[in-house]
Amino acid sequence: MEQHHNALAQVRVSRWVYLGAFLIPLVIMCVVFWQLKVTPFGKHSLLISDTGAQYIPILEYLRSTVLHGQFHLFSFALGTGSSIVPLLTYYVISPFNLLIFFFPAAQLPTAVAWIVILKIATIGLTTAIFLRHAFLRSGWSLLLFSTAFSLCGFVAMYFYDIMWLDALIWLPIVAWGLHRLVSTHHFGLYTAGLTITILSNYYLGYMTCLFSVLYFIYLIVEHQPAPTPFKETWRMHWPAIRQFIFGSLLAGLMSMVVLIPTALGMLQTGKSNFFLDNYLPMPLFGPEVLAQFGVGTGDFRSHLYHAPSLFMGTLMFLLLIVYFVSPRIKAVEKKRTMWLLIAMGLSLFVTVFNTVWHMFQQPAGFPFRNVYFFTFLALITAYRAWQTHPDQTMNDPQKILALLWGASLLTIGFISAQFIPKWWNHFMPSYNNELYANSQPNFHLLWLALGLLLLNTMLVFITEWRPIRIGLMVLIISGELGSNLYLASQGMDFGSETKFEKYFKKDSALLDRIDASSTKFNLHRIDFLHSTISNAYTGPYNHYNDPLMMDYAGLSSYSSTLDEQSRVFQHDLGYFSQNVRRVSAQGYTHLTDTLFSVKYRLNADSPHPVTRLNSYAGFGFAVPTKLADIQLRDQAALFNQQMILDALGAKPDTLARATTLGVNTRKATAADLNRVAAKNSRRSGARYVQTFKLHVNATGLLHGYSPSANIIYSSLLVNGKKAKPLINADGTRYVFKLGQHQKGEIVKVSYVTTRPQLGYSNEFVSLDQAKYVALAQSLKQQRFKLSRKSGVTWLSGTVRGSAQRRLLYVSIPDTPGWHATVNGKPVKIRSVMHAQSIVPVVQNFRGMIGVPIHTGKNHVVLTYTTPGLKIGAILSALGAIIFAFLVVAGEWYRPWKQRRERQSK
């Protein structure tokens with residue numbers, strides 16, 4: 001009776017502990033957001049980094065298309081058109097994101113803030129559940145460990161990458177499932193947890209699979225009271241090993257609906273490139289990493305590259321040391337735990353291992369994304385140390401030893417941080433090493449870390465007034481974690497919630513005037529690089545994902561899933577693309593407007609914000625077949641455009657080169673350098689001002705292009721007037737606009753450069769307006785006329801072919817998944833204009849969709865199906881059926897039947 005009463009009491013305590021594990025992180029987050037004046041507690045919003053540039057636009061696109069019944073698995077709001085499945089699986093699939101449907105579009109930053117708060121609170125809840133069930137202990141002390149993981153250093157540094165938080169929510173459930181699998185040979189919980197992790201975010205789900213292997217091996221070995229030969233361990237635990245292998249494969253099978261189409265989509269990105277440096281056994285940091293166990297050692301200013309974010313509260317750091325000092329823990333157990341932590345630490349420390357953990361690619365910013373696995377293992381180790389009651393089981397010399405070890409490690413870390421990263425950068429200068437050297441914590445934080453260590457040591461080793469002690473520990477660790485989160489947020493350029501709401505409505509109203517939507521049957525694209533939404537952002541905002549946020553077919557995109565083929569194709573034609581994750585609408589000519597079916601150019605700040613382009617010839621049009629044979633060249637945008645004009649049958653000198661009358665070069669003055677963007681003004685080296693005197697040979701837009709990328713565009717002047725681009729493109733190549741000019745006009749173009757000798761390769765051309773409009777009109781006469789039944793993934797229409805034009809050019813990248821029929825008969829799509837990239841290696845890519853047509857009227861149908869989605873769905877359904885059957889039969893029905901048989905006896 002007494003045992004039953006104690007069990008009920010323990011259950012009641014557990015329920016209150018679970019509530020506390022959820023509420024404490026929630027309250028801490030609310031307090032920190034209130035201090036930072038972040039919505040919903042102030043006017044600031046999380047329009048920063050990936051949240052502002054990617055998550056909010058992508059979530060708004062999802063919200064808008066679903067609510068309007070226009071959701072498709074292909075989107076023209078994503079670059080020039082791409083499968084949306086990789087984007088969804090990387091950024092969107094999380095049950096917490098359902099919250100966005102309860103907010104209007106203009107208040108989406110508030111919805112995202114609540115999603116962040118609720119996710120972090122849920123991490124605390126699942127951690128408490130894991131500790132309670134894995135170690136069969138309950139009590140208020142669980143709150144110390146659940147709160148520590150929910151607001152650990154990884155969360156403090158990366159909470160605004162909201163999809164990563166789901167992996168931390170499910171990690172404790174996966175770990176609990178592994179404990180259950182080893183102890184009872186039931187794989188159901190492990191398989192379900194791993195499946196949900198992969199579905200929520202396959203990227204960190206992949207890391208969770210690697211962690212599961214390590215942790216499972218540890219749990220198997222842990223059950224041996226003494227060192228045991230491998231064969232004997234394998235024999236004794238074969239049932240658990242078999243269940244682990246089968247459960248892992250089943251989780252992978254049930255995830256195929258995401259994994260197969262996503263894998264096929266990610267193979268189309270630029271992330272498949274191989275770099276040998278990523279696979280070298282080189283160290284990524286030194287003993288300065290130990291400083292990261294102190295509070296406030298990282299902030300947003302160092303988010304691109306910094307040491308692993310190890311902070312988990314000073315108490316946890318102390319207990320981690322206590323584990324290896326405590327006499328209650330056997331030496332063999334300490335050795336096994338040490339090897340587990342070392343194995344996980346090597347995944348952070350060694351370049352090749354770190355690359356493997358990051359899906360065989362080094363992160364571009366936000367390094368050491370796998371650090372939370374180390375934190376989780378360290379917290380488990382600390383919890384084991386807590387269970388030994390160190391206040392009672394350790395003598396005074398051992399307690400002093402733990403304190404000295406902690407103080408020594410922190411001191412070594414902070415002292416090393418003052419010189420090792422700088423020394424490393426001096427002898428091995430690189431971009432990451434420079435960032436790493438500048439990210440090191442101030443030395444004075446050592447005194448704070450030592451003070452907190454001493455305070456926590458006193459509390460850990462006090463045996464009296466235990467309830468008050470636990471309360472003080474909760475307050476201290478909550479204060480530490482909250483302060484660390486607050487300090488990690490320093491340097492964030494928070495946006496404005498009120499301005500976002502205002503300017504989102506303004507830009508949306510302008511788009512409504514032209515009935516813009518990426519899902520309308522009358523497809524065309526819109527160049528809206530001059531939207532006002534940037535006023536809501538404090539930091540730089542480059543409008544990459546405006547088409548997603550406002551649901552219109554555009555030309556730009558920014559995501560880790562950007563299709564490399566279409567990006568390279570745009571870049572070869574002169575569009576600005578900083579790297580494999582970004583492509584901008586900046587860099588157009590009238591020819592590219594035609595090729596990408598741009599019908600409107602909008603400028604929200606202009607008295608006449610809507611310009612309908614006379615270069616628009618339809619979403620597709622008949623062209624000569626020789627257009628398909630063109631091989632574009634990297635770093636030769638204007639040459640490529642000349643080839644295209646010739647293939648289309650343009651009149652001579654439609655693209656007329658300006659005559660260079662003279663080039664003048666002089667040393668740059670302070671006034672000249674003031675025009676240079678701050679990002680480039682800090683770079684060392686001599687600066688020069690180079691001026692070209694040009695004679696314009698055609699009436700129309702004058703463009704420039706620098707094959708050697710020697711122009712600092714932010715300093716650009718045309719006849720003494722500023723002509724810098726809207727988006728900072730310094731250090732790259734793109735076709736830049738120099739304004740409308742008349743034939744015979746003399747124009748002076750000047751800019752700052754560090755390599756004036758390369759300026760003689762710069763090109764300046766005018767696209768003859770009259771000649772080009774005539775060409776566009778001739779193309780328009782044989783345009784692809786879409787029916788009203790057409791949508792995004794099913795385009796139906798007619799086009800008239802002729803003897804000279806027997807190929808239908810369609811303004812859609814020739815990516816896998818598209819199929820065509822002409823007059824009811826299947827035809828093979830022909831790629832029009834192949835693209836080329838020479839960095840990091842020479843690669844050729846397909847161009848745009850071309851459909852062979854006949855002379856006369858042709859009825860053309862284009863359909864899209866997501867590659868791999870059907871087979872992935874079938875495999876996932878099969879896996880789910882097998883899993884359900886095995887769980888019911890093996891983990892419910894069989895134990896129930898055995899209990900009935902025992903009772904009948």
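Please refer to the structure placed before this passage.
Conventions used here
Throughout this description, residue numbers start from 1 for each chain and increase along the sequence as written. Reporting of local features is limited, given that this is a predicted model, to residues whose pLDDT is at least 70; pairs of side-chain atoms are given and counted only at 80 or more, and all residues count toward the totals for whole chains, interfaces and linings. As a rule here, side-chain values cover all heavy atoms of the structure and leave hydrogens and water aside. Put simply, DSSP marks the helices as runs of H or I at least four residues long and the strands as runs of E at least two long, and each gets a number from the N terminus on. With C-alpha atoms as the basis for the radius of gyration, the globule rule is written as 2.2 Å multiplied by the number of residues raised to the power 0.38. Whether a residue is buried, partly exposed or exposed follows from its accessible area with a 1.4 Å probe, protein chains only, as a fraction of its type maximum: under 20%, in between, or over 50%, in that order. By the counting rule applied here, Lys and Arg register as positive and Asp and Glu as negative, while His and the ends of each chain are not counted. To locate a charge, take atom NZ for lysine, CZ for arginine, CG for aspartate or CD for glutamate. The rule for pairing is simple: two strands pair if DSSP sees at least two bridges between them. Pairing of aromatic side chains here covers Phe, Tyr and the six-membered ring of Trp, requires ring centres within 6.5 Å, and sorts the geometry by plane angle: under 30 degrees stacked, over 60 edge-to-face, intermediate tilted. For a lysine, the NZ atom is tested; for an arginine, the CZ atom; a charge sits over a ring if that atom is within 6 Å of the ring centre and within 35 degrees of the ring normal. Salt bridges are defined as contacts in which a side-chain nitrogen from Lys or Arg sits within 4 Å of a carboxyl oxygen from Asp or Glu. Each axis is a line fitted through C-alpha atoms, taken for helices only over the stretch in contact, and angles between the N-to-C directions span 0 to 180 degrees. Angles are sorted into four bins: roughly parallel if under 35 degrees, roughly antiparallel if over 145, roughly perpendicular if 65 to 115, and oblique for all others. The contact definition used throughout considers only heavy atoms, calling two residues in contact when any of these lie within 4.5 Å. In this scheme, patches are assembled from residues that exceed 30% relative accessible area and form no salt bridge. Like charges are connected within 9 Å, while nonpolar side chains (Val, Leu, Ile, Met, Phe, Trp, Tyr) are connected within 5 Å. Calculation of accessible area relied on Shrake-Rupley with a 1.4 Å probe; when residues are assessed, cover is drawn exclusively from the protein chains displayed. By definition here, a helix of n residues has an expected span of 1.5 Å times n minus one. To get the bend at any residue, fit one axis to the seven residues that end at it and another to the seven that begin at it, then take the angle between the two axes.

Draft legend 1. The overall build of the chain, seen in detail. In terms of regular secondary structure, the chain is built from 30 helices and 29 strands. Relative to its length of 905 residues, the chain is compact, with a C-alpha radius of gyration of 31 Å against a globular reference of 29 Å. Principal axes of the C-alpha set define a box for the chain whose edges measure 100 × 70 × 50 Å. Across the 905 residues that make up the chain, the buried fraction comes to 59%. Computed over 79 positive and 42 negative side-chain charges, the inter-centroid distance for the chain is 5 Å.

Draft legend 2. Summary view of the sheet that holds strand 24 (residues 825-827). Spatially, five strands are ordered 20-21-29-23-24 in an open sheet, and the strand pairing comes out antiparallel. Edge strands, defined here as strands with exactly one partner in the open sheet, are strand 20 (785-786) and strand 24.

Draft legend 3. A look at the packing of aromatic side chains. Enumeration over the complete set of coordinates arrives at 58 aromatic pairs. Taken together, a centroid distance of 5.7 Å and an interplanar angle of 85° make the contact between Tyr158 and Trp164 edge-to-face. According to the relative accessible area criterion, Trp164 is buried, its value standing at 3%. Of note, Arg582 hangs over the ring of Tyr558, and the distance from its end group to the ring centre comes to 4.1 Å. One Lys or Arg, Arg601, reaches over the ring of Tyr588 and ends 3.5 Å from the middle of that ring.

Draft legend 4. Seen up close, the pattern of salt bridges. For the structure shown, the criterion picks out 13 salt bridges. For Arg830, the salt bridge identified is with Asp629, shortest N-O distance 2.8 Å. Within this pair, whereas Arg830 is found in strand 25 (residues 830-832), its partner Asp629 is found in the loop between strand 10 (620-623) and helix 26 (637-648), the two being separated by 201 residues in sequence. Its relative accessible area of 33% is what places Arg830 among the partly exposed residues. For Glu763, the salt bridge goes to Arg657, with nearest N and O atoms at 3.1 Å. Here Arg657 lies in strand 11 (residues 655-657) and Glu763 lies in strand 19 (residues 763-768), a separation of 106 residues in the sequence. Exposure remark for Arg657: the relative accessible area of 44% places this residue in the partly exposed category. Counted as one network, the salt bridges with shared partners bring together Asp527, Asp593 and Arg601.

Draft legend 5. Geometry of unusual backbone geometry. The omega torsion of the bond from Thr39 to Pro40 falls at 10°, within 30 degrees of zero and hence cis. Tracing the sequence through the fold places Pro40 in the loop between helix 1 (2-36) and strand 1 (44-45). With a phi angle near 55°, Leu136 is a residue other than glycine that sits in the positive phi range. By the secondary structure assignment, Leu136 is in the loop between helix 4 (108-134) and helix 5 (142-150). The exposed category is assigned to Leu136, whose relative accessible area is 63%. Even without being glycine, Phe366 reaches a positive phi, approximately 55°. Relative to the assigned elements, Phe366 resides in the loop between helix 15 (351-357) and helix 16 (371-387).

Draft legend 6. Structural context of the packing of helix 9 (residues 202-222) against helix 11 (residues 238-254). Direction vectors running N to C along helix 9 and helix 11 enclose 170°, while the axes themselves pass 11 Å from each other. The pairing of helix 9 with helix 11 is recorded here as roughly antiparallel in orientation. On the side of helix 9, the interface is formed by Ser212, Val213, Phe216 and Ile220, while helix 11 contributes Ala240, Ile241 and Phe244.

Draft legend 7. Structural detail: a positive patch on the surface. A cluster of basic residues, Arg783, Lys785, Arg800 and Lys857, forms a positive patch at the surface. By secondary structure assignment, the location of Lys857 is in strand 29 (residues 856-864). Relative accessible area serves as the criterion here: at 68%, Lys857 is assigned to the exposed category.

Draft legend 8. Inspection of helix 7 (residues 164-184) at higher detail. Compared with an ideal rise of 1.5 Å per residue, which puts 21 residues at 30 Å, helix 7 spans 31 Å between its outermost C-alpha atoms and is within 8% of the ideal. At Trp170, helix 7 is bent by approximately 30°, the largest bend along its length, and proline Pro172 sits one to four residues beyond. Counting buried positions along helix 7 yields 17 of 21 residues, so the element is predominantly enclosed. Of the residues trailing helix 7, His185 is marked for its positive phi of about 65°.

Draft legend 9. Highlighting a nonpolar patch on the surface. A surface patch of nonpolar side chains, amounting to about 810 Å² of accessible area, comprises Trp16, Leu19, Leu23, Val27, Val31, Trp34, Phe41 and Trp140. Here Val27 lies in helix 1. Judged by its relative accessible area of 45%, Val27 is partly exposed.

Draft legend 10. A look at the pairing of strand 28 (residues 848-852). For strand 28, the buried fraction is high: four of the five residues fall into the buried class. One ladder, built from five bridges, connects strand 22 (residues 807-813) with strand 28; its direction is antiparallel. Paired with Pro813 across the bridge in strand 28 is Met848. Two elements, strand 25 and strand 28, share three bridges in a ladder whose sense is antiparallel. Directly across from Arg830, in strand 28, lies its bridge partner Gly850.

Draft legend 11. Seen up close, the sheet that holds strand 17 (residues 736-741). Pairing in this open sheet of four strands is antiparallel, and the strands run 11-19-14-17 from one edge to the other. Only two strands of the sheet have a single neighbouring strand rather than two, namely strand 11 and strand 17. The mean angle between the axes of side-by-side strands here comes to 30°, regardless of whether they run parallel or antiparallel. Across six bridges, the pairing between strand 14 (residues 700-705) and strand 19 is antiparallel. For Leu702, the partnering residue across the bridge sits in strand 19 and is Ser766. Lying over the sheet, helix 29 (residues 769-780) contacts strand 14, strand 17 and strand 19, oriented at roughly 60° with respect to strand 19.

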